[in-house]
Amino acid sequence: MAEPKKVYGKKSHKDENKPHQANAVAGLVINILFWPGLGTIIGGETKTGVWQMILFAIGALLSLILIGIPLAIGIWIWAIVTSINQIKASEE
């Protein structure tokens, strides 16, 4: 039985969704230091990043009456975990 032909230089469908490691690391730094969600977008997950940014903004506004503090912290943690998962996915 003949072996399938190997094609070099072509990306598989699996590689197309894989974030670049430098983008994933930069996204983690941005999610930690600047604005949660922005780093997720840089890492390649646009829809998730936009939701994180919107919810963090709502949490920041609601922090004026203290109820938004847990929401903002939760979204910040979610953004960091998403970035860590992007880094792990880029290493595979």
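Remember, it's a predicted structure, so these values are computed and weren't measured experimentally.

**Some details on the overall build of the protein chain**
- For the protein chain, the helix and strand inventory stands at five helices and zero strands.
- Along its sequence from the N terminus, the protein chain presents helices and strands in the succession α-α-α-α-α.
- Within the protein chain, the fraction of its 92 residues that count as buried is 27%.
- Considering only contacts in the protein chain between residues 6 or more positions apart, those separated by 24 or more positions represent 52%.

**Some thoughts on the confidence of the model for the protein chain**
- In this model, the protein chain carries an average pLDDT of 84, and 82% of its residues clear a pLDDT of 70 or more.
- Summarising per-element confidence for the protein chain, the mean pLDDT is lowest in helix α1 (residues 13–16) (52) and highest in helix α4 (residues 46–62) (95).
- Per-residue pLDDT stays below 50 along residues 7–13; that stretch engages in zero contacts with residues further than four places along the chain or on separate chains.

**Looking at unusual backbone geometry**
- The residue Leu 66 is not glycine, and still its phi comes out positive at about 70°.
- Topologically, Leu 66 is positioned in the loop between α4 and α5 (68–91).

**Observations concerning the packing of helix α2 (residues 21–33) against α5**
- Where α2 meets α5, the axes come as close as 8 Å, and the angle between the chain directions of the two elements is 165°. Considered as vectors, α2 and α5 are oriented roughly antiparallel to each other. The element α2 and its partner α5 pack so that their crossing is left-handed. Along the contact surface, α2 presents Gln 21, Ala 24, Val 25, Gly 27, Leu 28, Asn 31 and Ile 32, while α5 presents Trp 76, Ala 79, Ile 80, Ser 83, Ile 84, Gln 86, Ile 87, Ser 90 and Glu 91.

Thresholds, definitions, all that
Residues numbered from 1 in each chain as written. Predicted model: local features only at pLDDT ≥ 70, side-chain atom pairs only at ≥ 80, totals over all residues. Heavy atoms only, no water. Helix = DSSP H or I, 4+ residues; strand = E, 2+ residues; numbered from the N terminus. Buried < 20%, exposed > 50% of the residue type's maximum accessible area, 1.4 Å probe, protein only. Contact = heavy atoms within 4.5 Å. pLDDT = per-residue confidence, 0-100. Axes fitted to C-alpha atoms, helices over the stretch in contact; angles between N-to-C directions. Parallel < 35°, antiparallel > 145°, perpendicular 65-115°, else oblique. Left-handed = near helix turned anticlockwise from the far one by under 90°.

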